[in-house]
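Spelled out from the first residue to the last, the chains are:
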Amino acid sequence: DPGADASLCGMAATGASGTNAVRYGTMRPNVLNLRVVLPDGRLLHTAGPGRQPRKRAAGYDLTSLFVGSEGTLGFLTQATLRLHPLPEATAVTVASFPSVGAAVACTVQVLQAAVPVARIEFLDDVMADACVRFSGMGLPAAATLLLELHGSRHSLAEQQQQMEEIVCQNGGSGLAWAEGLEEREQLWSMRHNAWYAALALRPGCQGYSTDVCVPISRLPDVVVETKQDLQASGLTGPMVGHVGDGNFHCLLIFNSQDPEEAKRVHAFTQRLGRRALAAGGTCTGEHGVGLGKRALLQEELGQAGLDTLRSIKAALDPHNLMNPGKVL
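Thresholds applied
- Residues numbered from 1 in each chain as written.
- Predicted model: local features only at pLDDT ≥ 70, side-chain atom pairs only at ≥ 80, totals over all residues.
- Heavy atoms only, no water.
- Helix = DSSP H or I, 4+ residues; strand = E, 2+ residues; numbered from the N terminus.
- Rg over C-alpha atoms; globule rule 2.2 N^0.38 Å.
- Contact = heavy atoms within 4.5 Å.
- Areas by Shrake-Rupley, 256 points an atom, 1.4 Å probe, with all protein chains shown as cover.
- Lys, Arg positive; Asp, Glu negative; His and termini not counted.
- Charge placed at Lys NZ, Arg CZ, Asp CG, Glu CD.
- Pairing = 2+ DSSP bridges.
- Axes fitted to C-alpha atoms, helices over the stretch in contact; angles between N-to-C directions.
- Core = buried A, V, L, I, M, F, W, Y, C linked by side-chain atoms within 4.5 Å.
- Buried < 20%, exposed > 50% of the residue type's maximum accessible area, 1.4 Å probe, protein only.
- Parallel < 35°, antiparallel > 145°, perpendicular 65-115°, else oblique.
- Left-handed = near helix turned anticlockwise from the far one by under 90°.
- Nonpolar A, V, L, I, M, F, W, Y, C, P; charged D, E, K, R; others polar.
- Domains from an automatic or database assignment.
- Buried area = accessible area lost by both parts, 1.4 Å probe.
- Phe/Tyr/Trp six-rings, centres within 6.5 Å; stacked < 30°, edge-to-face > 60°.
- Lys NZ or Arg CZ within 6 Å of the ring centre and 35° of its normal.

Considering the overall build of the protein
Helix and strand counts for the protein come out as twelve helices and nine strands. The C-alpha radius of gyration computed for the protein amounts to 21 Å, which stays within 12% of the reference 20 Å derived for 328 residues, consistent with globular compactness. When the backbone C-alpha atoms are referred to their principal axes, the protein occupies close to 55 × 55 × 35 Å. Taking all contacts inside the protein whose residues are at least 6 apart in sequence as the whole, residues at least 24 apart take part in 72%. Total accessible area on the protein is roughly 15,300 Å²; 54% of this is exposed by carbon and sulfur atoms. Each charge class in the protein can be summarised by its mean position, and for the 27 positive and 31 negative side chains these summaries are 8 Å apart.

Remarks on the sheet that holds strand β7 (residues 206-213)
With antiparallel pairing, six strands are arranged side by side in an open sheet as β4-β6-β5-β8-β9-β7. The sheet is open, and its two edges are formed by β4 (89-97) and β7, each paired on a single side. Sheet twist, expressed as the average angle between the axes of neighbouring strands with direction ignored, equals 15°. Pairing between strand β5 (residues 117-123) and strand β6 (residues 143-151): six bridges, direction antiparallel.

Some details on the environment of Ala-194
The residue Ala-194 is located in helix α9 (residues 194-199) in this model. Not counting chain neighbours up to four residues away, the residues in contact with Ala-194 comprise Met-127, Cys-131 and Leu-251.

Description of the nonpolar core
Of all hydrophobic cores here, the largest spans 41 residues; its most connected members are Phe-97, Phe-122, Leu-145, Met-163 and Phe-248. Sorting the residues of this core by element identifies β4, α5 (100-112), β5, β6, α7 (153-169), α10 (219-233), β9 (247-254) and α11 (259-278) as the ones contributing at least two each. Ranked by residues supplied to this core, first place goes to α5 with six residues. Residues Val-94, Ala-128, Ala-197 and Val-240 belong to the second largest nonpolar core, which totals 20 residues.

Things to note about the packing of α5 against α10
Interhelical geometry of α5 versus α10 gives an angle of 160° and a closest axis separation of 9 Å. Between α5 and α10, the interaxial angle falls into the category roughly antiparallel. In this structure, the crossing between α5 and α10 has a hand that is right-handed. Listed contacts from α10 to Val-100, Gly-101, Val-104, Ala-105 and Val-108 of α5 are Leu-219, Pro-220, Val-223, Val-224 and Lys-227. Of the residues assigned to the contact of α5 with α10, the class counts are eight nonpolar, one polar and one charged.

A word on the environment of Phe-97
In this structure, Phe-97 sits in strand β4. For the pair formed by Phe-97 and Pro-140, sequence separation is 43 residues and the distance between their alpha carbons is 9.4 Å. Apart from the residues within four sequence positions on either side, Phe-97 is in contact with Ala-102, Ala-103, Cys-106, Ala-142, Ala-143, Leu-145, Val-167, Asn-170, Gly-171 and Gly-172.

Some remarks on the domain arrangement of the protein
In many reports, interface size means the accessible area that the parts give up when they come together. When its domains are assigned, the protein resolves into domain 1 (8-81) and domain 2 (89-279). Placing the centre of domain 1 and that of domain 2 at their C-alpha centroids yields a distance of 29 Å. At the interface, eight residues of domain 1 touch twelve residues of domain 2. Contact between domain 1 and domain 2 buries roughly 820 Å² in total, counting both sides, with carbon and sulfur atoms accounting for 51%.

Brief notes about the packing of aromatic side chains
Inspection of every chain in the model, using the stated rule, returns zero aromatic pairs. Here the basic side chain of Arg-119 rests over the ring of Trp-188, its NZ or CZ set 4.2 Å away from the ring centre.

Comments concerning the packing of α11 against helix α12 (residues 294-316)
Contact pair α11 / α12: the axes reach a minimum separation of 10 Å and the direction vectors enclose 10°. The angle between the axes of α11 and α12 places the two elements in the roughly parallel class. Residues Gln-270, Gly-273, Arg-274 and Leu-277 of α11 pack against Leu-296, Glu-299 and Glu-300 of α12. Looking at the contact of α11 with α12 residue by residue, the classes come out as two nonpolar, two polar and three charged.

So, in structure tokens, the structure goes:
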């Protein structure tokens, strides 16, 4: 995964996910228990010491409270996670499309057809071009989907046929299935190196990554509008995302020594967040609120929601010791 060097508790603390989230879920449903050091030094097991039930209805869901808390409520020191079996067979393909709208529309149709896809990763034309140049792979510099299927060998053949039909209906081309481990890893390395490929577009400049998540039905419109916004803003911002769950990122490459460009980057990220909120989505699907999206959090949750979060924070951390200034 692109974040393969992340820690498990760090992933839990930010409520993160990754390329397999469309099939196996984000961190939140996959965390069964957490060991947390509270601000006053007490040790908390959010589901009880040594417990790992697949479901529970005993009191408040403390595990979910701490997943995504971004270090503001306590130190996460141990995570008990749900495991998933390895599939019997895996197949990966890369499809190129005439536009970002066509690529994302294909994603929506794949999901609506209930194809049990494991990963659907989107690269816009700028990101695909950067990745191809960085990796040296001979693929078109066009809007691209990387698709991965998991299952039995028998079911995989049926899924591949279904996928090919939907891709072709949306003008996609270049389908060739890779099933060997080495060949699959070579294709995914292009996506995994996206951050470094984006930085290589403007050597010496700084990268800023931001993300939003919207309902699948609104994803094509929001992606197309964001692409138009990037072009109108004159920013270098390749787009990439785990579009199988409505989540996409803009990797903004800018000169941090240029105040005017930095101002345009900030203005764009705020518009992107508000565009996602207007579409019924969230200002962050996996990067967290941190410092930069605190104003958007209030717009997303409303005053009552924000007051509730502050009450929880004050109850667990009355002296504001844990990540002060973050999120709230």
